[in-house]
Amino acid sequence: MTALDPSDADVAAEAAPPAPSAPVDTGQDGILGRTHRALSVGIVCVVLLIAFEATAVGTAMPVAARELRGVSLYAFAFSAYFTTSLFAMVLSGQWADRSGPLRPLVTGISAFAAGLLLSGTAGTMWLFIVGRAVQGLGGGLVIVALYVVVSRAYPERLRPAIMAAFAASWVIPSVVGPLASGTVTEQLGWRWVFIGIPVLVVLPLATALPAIRQMASGPADPSGPVPAFDRPRIRLALAISLGAGLLQYAGQDLTWWSLLPGAAGAALIVPAVLGLLPRGTYRAARGMPSVVLLRGVAAGSFIAAESFVPLMLVTQRGLSPTLAGLSLAVGGATWALGSYIQSRPRMEPHRERLLMGGMVLVATAIAAAPSVLIDSVPVWIVGAAWAVGCLGMGAVIASTSVLLLKLSPPEEAGTNSAALQISDGLSNVLLLSAGGAAFAALGGGAVGTHDLTTTDASHPAAFAAVFLPMAAVALAGVWVAGRVRVR
């Protein structure tokens with residue numbers, strides 16, 4: 001693929017337009033003012049597409065896993081996305097720093113749509129997982145490119161507001177997505193959920209690309225030499241993706257032979273993590289390392305738990321896929337509220353306390369969710385708990401993004417954004433793998449022999465083994481949040 005190793009001639013022939021100068025901050029123009037309106041609407045549309053995919057696909061996943069006879073691989077279907085996105089994030093960061101975020105964004109959206117089509121037409125669970133992996137490549141390219149767009153096109157004063165707008169764009173998909181996905185799944189079949197979403201790619205492309213080309217294209221320093229791709233770093237990214245995949249395969253296999261791919265995966269991941277993340281991340285050194293680590297702790301624990309919520313409600317409490325997905329719908333609104341709260345100027349001096357409080361809310365929500373395994377506990381408890389957890393996540397995720405951009409010079413925004421997303425994605429893979437292994441070991445995979453529209457209370461411990469450890473991880477994030485500022 002030429003994007004990995006272009007020659008100097010390729011660069012000259014395909015040179016991007018010069019990067020515009022840093023945006024002039026008049027102190028009056030907002031994200032929807034004349035300067036930034038088209039760009040803000042366009043990139044929020046991109047996030048809206050990603051949000052709709054996440055909420056819709058999560059609702060359809062239990063039915064897809066049943067029909068493809070792959071419930072034991074349920075966690076793999078989620079974490080395959082994050083596994084490949086790890087490599088794509090590093091590539092996107094270097095690509096964006098080198099020639100601007102436009103090309104990785106277009107390539108990423110195209111791959112994202114192709115992966116959806118592949119999953120939607122899959123005849124086996126493993127082919128379905130391959131489609132999810134292709135989606136991950138696209139998603140990794142897109143998310144880092146968007147961070148670079150924000151860094152290039154928005155002054156520091158407006159960055160909390162655009163991050164809050166990103167969070168707000170999840171509100172409508174979180175309500176409409178599960179309802180639409182559940183209805184389509186029950187009436188037409190789960191495949192149409194995946195096949196139909198790529199149609200939504202057209203609007204974000206048509207809206208965002210002209211504005212990005214005008215305000216954020218080209219290298220960060222158009223007068224300087226074009227930086228070369230850091231090939232050792234790309235090899236580390238490939239190693240971390242391969243290692244994460246091997247670790248997950250070992251966790252799902254649960255045989256003595258699985259120790260071999262597990263050991264190989266660990267041997268690949270450890271040096272790659274040390275090379276790709278800021279020095280001191282593993283020990284929560286103050287400042288940037290703790291910001292990066294906190295992002296992983298928050299995202300990994302929450303996503304690993306959330307991935308099993310619909311399956312738990314469908315198999316243990318007999319809910320339809322639509323109702324199971326809607327149980328999480330209110331979380332979109334509270335996530336946006338949490339992000340809005342962190343965007344207020346008066347919160348800036350208290351950002352560390354806001355992060356700590358947000359992680360307490362996340363840990364509480366994850367710990368409360370499996371209470372519905374007790375029949376006497378009403379199902380709405382999950383929705384209430386997840387609303388609380390999403391409030392905390394909205395504050396934490398947006399705040400870590402703001403802090404990262406604040407600590408990054410423009411020419412390093414892509415690389416540092418990639419490190420943040422690697423922490424996010426790698427923790428998702430590792431914690432989903434651990435949760436999936438515990439789920440399978442305690443008989444969770446046996447659910448695949450039952451009808452997912454009926455209650456099967458024979459394996460509640462398999463779900464508890466996912467949620468309770470993730471709550472402990474989230475609680476550890478409270479300590480990490482106290483170290484994001486340099487004393």
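Residues numbered from 1 in each chain as written. Predicted model: local features only at pLDDT ≥ 70, side-chain atom pairs only at ≥ 80, totals over all residues. Heavy atoms only, no water.

The geometry of an aromatic ring pair comes down to the distance between the two centres and the angle between the two planes. Applying the stated rule across the entire model yields 7 aromatic pairs. An angle of 90° between the planes, with centres 5.8 Å apart, marks the rings of Trp190 and Phe194 as edge-to-face. A relative accessible area of 1% means that Trp190 is categorised as buried. Pairing Phe308 with Phe439 gives two aromatic rings, centres 5.0 Å apart and planes at 55°, and the pair type is tilted. Of this pair, Phe308 sits in the loop between helix H12 (288-306) and helix H13 (309-317) while Phe439 sits in helix H18 (residues 413-441), and the two are 131 residues apart along the sequence. In terms of burial, Phe308 and Phe439 fall into one category: buried. Here the aromatic cluster, defined as three or more aromatic residues joined through ring pairs, consists of Phe128, Trp190 and Phe194. (Phe/Tyr/Trp six-rings, centres within 6.5 Å; stacked < 30°, edge-to-face > 60°. Buried < 20%, exposed > 50% of the residue type's maximum accessible area, 1.4 Å probe, protein only. Helix = DSSP H or I, 4+ residues; strand = E, 2+ residues; numbered from the N terminus.)

Attention now goes to empty space enclosed by the protein. Rolling a probe over the atoms, with the probe sized like a water molecule, indicates the empty space that remains. Within the structure shown, the criterion is met by 2 cavities of 30 Å³ or more. The computed volume of the largest cavity comes to approximately 1,200 Å³. As for the largest cavity, its lining consists of 48 residues, of which Ile50, Ala54, Trp170, Ile303 and Trp335 are closest to the centre. Per-element tally for the lining of the largest cavity: the top contributor is helix H2 (residues 37-67), with 8 residues. Across the lining of the largest cavity, the residue classes tally to 26 nonpolar, 17 polar and 5 charged. By volume, the second largest cavity is sized at about 30 Å³. Taken together, Val46, Leu49, Ile50, Ile109, Phe112, Gly139 and Val142 make up the lining of the second largest cavity. The set of elements that each furnish at least two residues to the lining of the second largest cavity consists of H2, helix H4 (102-120) and helix H5 (125-153). In terms of residues, the lining of the second largest cavity owes the most to one element, H2, which gives 3 residues. By residue class, the composition of the lining of the second largest cavity is 6 nonpolar, 1 polar and no charged. (1 Å grid on protein atoms, 1.4 Å probe; cavity = no way out; pocket = protein on both sides within 12 Å on 5 of 7 lines; lining within 4 Å. Points joined across faces, edges and corners; volume = space filled by probe spheres on them. Nonpolar A, V, L, I, M, F, W, Y, C, P; charged D, E, K, R; others polar.)

The next subject is the environment of Ser151. Positionally, Ser151 belongs in helix H5. Separated by 254 residues in the primary sequence, Ser151 and Leu405 have C-alpha atoms spaced 6.6 Å apart.

Once that is clear, we can look at the confidence of the model for the chain. In the predicted model, the chain carries a mean pLDDT of 79, and 85% of its residues have values of at least 70. The least confident element of the chain, judged by mean pLDDT, is helix H1 (residues 8-13) at 29; the most confident is helix H16 (residues 351-368) at 95. This model gives residues 1-22 a pLDDT under 50, and the stretch forms 35 contacts once residues within four places in sequence are excluded. Across residues 446-458 the pLDDT falls below 50, and counting only partners more than four positions away or on other chains, this stretch makes 28 contacts in the model. (pLDDT = per-residue confidence, 0-100. Contact = heavy atoms within 4.5 Å.)

Roughly 470 Å³ of internal volume is contained in the largest pocket. Along the walls of the largest pocket sit 20 residues, with Val273, Leu277, Thr281, Tyr282 and Leu293 positioned nearest its centre. Secondary-structure elements contributing two or more residues to the lining of the largest pocket are helix H11 (259-276), H12 and H18. A total of 6 residues in the lining of the largest pocket trace back to one element, the largest contributor, which is H18. Its residues assigned to classes, the lining of the largest pocket comprises 14 nonpolar, 5 polar and 1 charged.

Put simply, H4 and H5 touch, their axes get as near as 7 Å, and they point 160° apart. Taken together, H4 and H5 sit at an angle that is classed as roughly antiparallel. The handedness of the crossing between H4 and H5 comes out as left-handed. Of the residues belonging to the contact of H4 with H5, the class tally is 16 nonpolar, 8 polar and 1 charged. (Axes fitted to C-alpha atoms, helices over the stretch in contact; angles between N-to-C directions. Parallel < 35°, antiparallel > 145°, perpendicular 65-115°, else oblique. Left-handed = near helix turned anticlockwise from the far one by under 90°.)

It is characteristic of soluble globular proteins that their nonpolar side chains tend to be buried jointly. Formed by 134 residues in total, the largest nonpolar core has its most connected members in Ile43, Phe128, Trp386 and Phe467. Looking at which element gives the most residues to this core, the answer is H2, with 15 residues. Residues contacting Phe128, with those up to four places away along its chain left out, are Met61, Ala64, Leu68, Ala77, Ser119, Ala122, Trp190 and Phe194. (Core = buried A, V, L, I, M, F, W, Y, C linked by side-chain atoms within 4.5 Å.)

Examined against the element boundaries, Thr400 turns out to sit in helix H17 (residues 380-407). Among the polar contacts made by the side chain of Thr400, one reaches the side chain of Arg295 at a distance of 3.0 Å. At 2.8 Å, the side chain of Thr400 and the backbone oxygen of Ile397 are in polar contact. If near-sequence neighbours (up to four positions away) are discounted, Thr400 is found in contact with Val291, Leu294, Arg295, Leu355 and Leu420. (Polar contact = N/O pair within 3.5 Å; in protein donor to acceptor, adjacent residues only side chain to side chain.)

What follows deals with helix H15 (residues 330-343). Residues lying three or four places apart along an α-helix face the same way, a consequence of the helix completing one turn every 3.6 residues. Given a rise of 1.5 Å per residue, 14 residues ought to cover 20 Å, and the 20 Å separating the end C-alpha atoms of H15 matches this to within 8%. Buried within H15 we find Gly331, Gly332, Thr334, Ala336, Gly338, Ser339, Gln342 and Ser343. Considering only its buried residues, H15 is in contact with helix H6 (159-168), helix H7 (171-187), H16 and H17. (Expected span 1.5 Å × (residues − 1).)

This part takes up a nonpolar patch on the surface. On the surface, a nonpolar cluster with roughly 260 Å² of combined accessible area is contributed by Ile172, Val175 and Val176. Its place among the elements puts Ile172 in helix H7. (Patch = residues over 30% accessible without salt bridge, like charges linked within 9 Å, V, L, I, M, F, W, Y side chains within 5 Å. Areas by Shrake-Rupley, 256 points an atom, 1.4 Å probe, with all protein chains shown as cover. Salt bridge = Lys/Arg side-chain N within 4 Å of Asp/Glu carboxyl O.)

The next point concerns the side chain of Ser301. Within the secondary structure, Ser301 sits in helix H12. According to the relative accessible area criterion, Ser301 is buried, its value standing at 0%. A polar contact is formed between the side chain of Ser301 and the backbone oxygen of Val297, at a distance of 2.8 Å.

Further remarks concern the pattern of salt bridges. Per the stated rule, a full pass over the model turns up 4 salt bridges. In this structure, the salt-bridge partner of Glu67 is Arg66, at a minimum N-O distance of 3.5 Å. The partner of Arg295 in a salt bridge is Asp424, and the shortest N-O contact between them spans 3.1 Å. Separated by 129 residues along the polypeptide, Arg295 in helix H12 and Asp424 in helix H18 bring together distant segments of the chain. Of the two residues examined, Arg295 and Asp424, each falls in the buried class. Overlapping salt bridges, with partners in common, bring together Glu348, Arg351 and Lys406 in one network.

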